[in-house]
Amino acid sequence: MSQRLKLELKPLDAVTGQDLVVLVADGLAAPGSARDLLGEAGEELLARAVSVERFKGKALGGLTALAPQQAPYQRLIAVGVGPLADRDTLDFAKLGGAIAGRLAPGRSADIVLALPDAELSAEQAAEIALGMKLRAYAFDRYKTKSKEPDEAEPIGVTLRFADPAALKKALKAREAVANGVMLARDLVNEPPNILFPEEFAERAAKLAKLGVEVEILDEKQLRKIGMRALLAVGQGSRRESRVVVMRWNGGKGSEAPVAFIGKGVTFDTGGISIKPGGGMEDMKGDMAGAACVTGLMHALAARKAKVNAIGVIGLVENMPDGNAQRPGDIVTSLSGQTIEIINTDAEGRLVLADVLWYTQDRFKPKFMINLATLTGAILVALGHENAGLFSNDDALCERLGAAGQATGETVWRMPLGKAYDKMIDSKFADMKNSAGRYGGSITAAQFLQRHVNDTPWAHLDIAGTGMNSPNSETNRSWGSGWGVRLLDRLVRDHYER
Ligand code: BES
Ligand code: MN
Ligand code: ZN
């Protein structure tokens, strides 16, 4: 991982950097506090640059102008916040992303965190900083030769805000979340020869430093517990399977925890039902659900969230091999139900079936939310814009929907029902693991639901959002870390005492 921004917080009293960044509104008012820093020359420059570039302060738009020699900075960067009236809908993290996108490596910049008209709260300023950090993330661990020599150089950023102490406080929590997102991105981006189940478990174990209790279950323990569906997926791999339980106890001792469960297939070849070769390398990201859960646990612990939270991830590699499971095999899951394997490429649901059952049985959580790159079909249905949401609980859906709107990590509810459930009945066992193409995301969710009792539960199919999503203001990385901000927000809004 590389995070090129080096952030410093200072009051709005001077300009010390090479670049000066100011926020301008539609119609082009710069904030009074920025005007002092701009100086007369700067104001004139801004006015001229704006007329030449036809930039009017549209939200997330901007311009970069070379400053006159007498100015105390070398470049002036203006970033738009849009119409003055629409301030409620302005996404401050996106704005931070747009700002960071205009900075250059090896340079220093002063960002004036002040709006042209209204007050900018410390929370909003911190959200801008979060967006900047997320935008500046790059996974370049395996690049031994960078194309441009200065690409890796840091950017020294001074955040200029009226009340640096208040910003410092607000930023602490946002930084915890940014680091959680970046941890998730790192895990998704890592190649599958490096990040296999045991290595993933070791990385999760590092959360102990933040006060997370981490328990790693090995194959012997998993067999004893009875997670035979999960083990069946991993049996064709030379790499051993693992389940990791992470516990953050920030709430009252007696309070039931909230639980997050992740699919962690560190590589999905499809197994004996092998996938076609084209694009198979993307299946290193088939652990994005587990990565999100790990990143979320990091965020909650690092910001000392007042909640009891459990993260459970099922880590396996799905490989074809002499010992791999076959189509036609029948396995018994932890729930005691039997499953006919129709397609070894429908492996994620086998992993989750055991982990869901285990989590509800052992922890009696308030709710369970699982995340999984579960089906290609969800990409067909929703593209990269929304995660598929399947749930047995309307209230939980409503809260997830609101947290999605607040963070930009949006979800779209999909149906569940008897008729879909019937589609996974099997001729030989209690159920089958695949019902073919039609309604593929829904039948996968029905399979999961057969392993959930009446615990409020939501399944997020993140095959379209967790990896390979289009560039956004806050993300340029293949692995997006999707879901960390969403679930952190859900916890923050509803489950902290
Ligand atoms: N990991 C895949 C789903 C996936 C596809 C994730 C594309 C990300 C991008 C999953 O294990 C899978 O192979 N699902 C099958 C299910 C089918 C065999 C019933 C699918 O979607 O084709
Ligand atoms: Mn698969
Ligand atoms: Zn998979």
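Keep in mind that what you see is a predicted model, and the values were worked out from it rather than measured.

About the criteria used
- Residues numbered from 1 in each chain as written.
- Chains lettered and ligands numbered in written order.
- Predicted model: local features only at pLDDT ≥ 70, side-chain atom pairs only at ≥ 80, totals over all residues.
- Heavy atoms only, no water.
- Disulfide = S-S within 2.5 Å.
- Salt bridge = Lys/Arg side-chain N within 4 Å of Asp/Glu carboxyl O.
- Helix = DSSP H or I, 4+ residues; strand = E, 2+ residues; numbered from the N terminus.
- Buried < 20%, exposed > 50% of the residue type's maximum accessible area, 1.4 Å probe, protein only.
- 1 Å grid on protein atoms, 1.4 Å probe; cavity = no way out; pocket = protein on both sides within 12 Å on 5 of 7 lines; lining within 4 Å.
- Points joined across faces, edges and corners; volume = space filled by probe spheres on them.
- Donors = N, O, S within 2.8 Å, 3.2 Å for Na, K, Ca; no water.
- Tetrahedral: all angles 85-135°; square planar, octahedral: opposite > 155°, others 65-115°.
- Phe/Tyr/Trp six-rings, centres within 6.5 Å; stacked < 30°, edge-to-face > 60°.
- Lys NZ or Arg CZ within 6 Å of the ring centre and 35° of its normal.
- Near = heavy atom within 4 Å.
- Polar contact = N/O pair within 3.5 Å; in protein donor to acceptor, adjacent residues only side chain to side chain.
- Areas by Shrake-Rupley, 256 points an atom, 1.4 Å probe, with all protein chains shown as cover.
- Sits in = over half its atoms within 2 Å of the grid points.
- Nonpolar A, V, L, I, M, F, W, Y, C, P; charged D, E, K, R; others polar.
- Pairing = 2+ DSSP bridges.
- Axes fitted to C-alpha atoms, helices over the stretch in contact; angles between N-to-C directions.
- Contact = heavy atoms within 4.5 Å.

(A) Structural context of the state of the cysteines. The full count for this structure, using the stated rule, is 0 disulfides. The thiol sulfur of C397 is not disulfide-bonded, and the nearest other cysteine sulfur, from C292, lies at 17 Å.

(B) Examining the pattern of salt bridges more closely. Overall, the coordinates contain 28 salt bridges when judged by the stated rule. Among the ionic pairs, E127 bridges to R485, the shortest N-O distance being 3.4 Å. Pair noted here: E127 is in helix α3 (residues 122-135) and R485 is in helix α14 (residues 484-494), with a separation of 358 residues, a long-range link. We classify E127 as buried; its relative accessible area is 18%. A single network of salt bridges, built from pairs that share partners, joins R141, E190, E199 and R203.

(C) Geometry of empty space enclosed by the protein. Across all of its chains, the model carries 2 cavities of 30 Å³ or more by this definition. Considered as a void within the structure, the largest cavity measures approximately 60 Å³ in volume. If you trace the largest cavity, you find it lined by E127, L130, R174, V177, A406, T407, R485, D488, R489 and R492. Elements with a contribution of two residues or more to the lining of the largest cavity: α3, α4 (164-189), α11 (394-407) and α14. Examining the composition of the lining of the largest cavity, we find that 4 residues originate from one element, α14, more than from any other. Roughly 30 Å³ of volume is contained in the second largest cavity.

(D) Looking closely at the coordination of the zinc ion (ligand 3). With distances of 2.0 to 2.4 Å, the protein atoms coordinating the zinc ion (ligand 3) are K263 (NZ), D268 (OD), D286 (OD) and E347 (OE). Around the zinc ion (ligand 3), the 6 donor atoms are arranged such that angles at the metal cover 77 to 174 degrees; this shape is classified as octahedral. The metal-metal distance between the zinc ion (ligand 3) and the manganese ion (ligand 2) comes to 3.1 Å, with D268 coordinating both. In this pair, K263 is assigned in strand β11 (residues 258-268) and D286 in the loop between β11 and α8 (288-302), connecting sequence segments 23 residues apart. According to the relative accessible area criterion, K263 is buried, its value standing at 1%. Here D286 falls in the buried class, since its relative accessible area comes to 2%.

(E) Structural detail: the packing of aromatic side chains. Considering all chains together, one arrives at 3 aromatic pairs under this definition. Their ring planes at 50 degrees and their centres at 5.9 Å tell us that F139 and Y142 sit as a pair that is tilted. Centre to centre, the rings of F260 and F367 are 5.7 Å apart; their planes meet at 75 degrees, and the pair counts as edge-to-face. Separated by 107 residues along the polypeptide, F260 in strand β11 and F367 in the loop between α9 (348-363) and β15 (368-372) bring together distant segments of the chain. For the pair shown, F260 and F367 are each scored as buried. Among the aromatic side chains, those forming a connected cluster through ring pairs are F260, F367 and Y495. Stacked on the ring of F196, the Lys or Arg R239 has its end atom at 3.6 Å from the ring centre. The lysine or arginine in question, K284, covers the ring of W478, its NZ or CZ lying 5.3 Å from the ring centre.

(F) Summary view of the coordination of the manganese ion (ligand 2). Within the first shell, the manganese ion (ligand 2) binds the protein through D268 (OD), D345 (O), D345 (OD) and E347 (OE), at distances of 2.0 to 2.2 Å. Taken together, the 6 donor atoms coordinating the manganese ion (ligand 2) and their angles of 72 to 168 degrees define a geometry best described as irregular. Here the donor residues for the manganese ion (ligand 2) map to a single chain with the spacing D-x76-D-x1-E.

(G) Inspection of the site of ligand 1 at higher detail. The environment of ligand 1 is formed by 17 residues, the closest being K275, D286, D345, E347 and G376. E347 is positioned with one of its side-chain polar atoms (N or O) 2.8 Å from an oxygen atom of ligand 1. L374 is positioned with one of its backbone polar atoms (N or O) 3.5 Å from a nitrogen atom of ligand 1. Coverage of ligand 1 by the protein chains reaches 79% of its 510 Å² of free accessible surface. In this structure, ligand 1 is accommodated by the largest pocket. Along the lines of polarity and charge, the residues of the shell around ligand 1 split into 5 nonpolar, 5 polar and 7 charged.

(H) Layout of the sheet that holds β15. One open sheet holds the 8 strands; their spatial order is β9-β10-β12-β11-β15-β19-β16-β17, and the pairing between them is mixed. Two strands bound the open sheet, and with one partner strand each, they are β9 (213-217) and β17 (411-413). Mean inter-strand twist for the sheet, computed between neighbouring axes without regard to direction, equals 20 degrees. With 5 bridges joining them, β15 and strand β19 (residues 457-461) adopt parallel strand pairing. From the neighbouring strand, M368 faces β19, where its bridge partner is W457. Along the sheet, α9 contacts β9, β10 (242-249), β11, β12 (308-318), β15 and β19; its crossing angle with β11, the most-contacted strand, is approximately 155 degrees.

On their own, these measurements won't tell you what the molecule is for.
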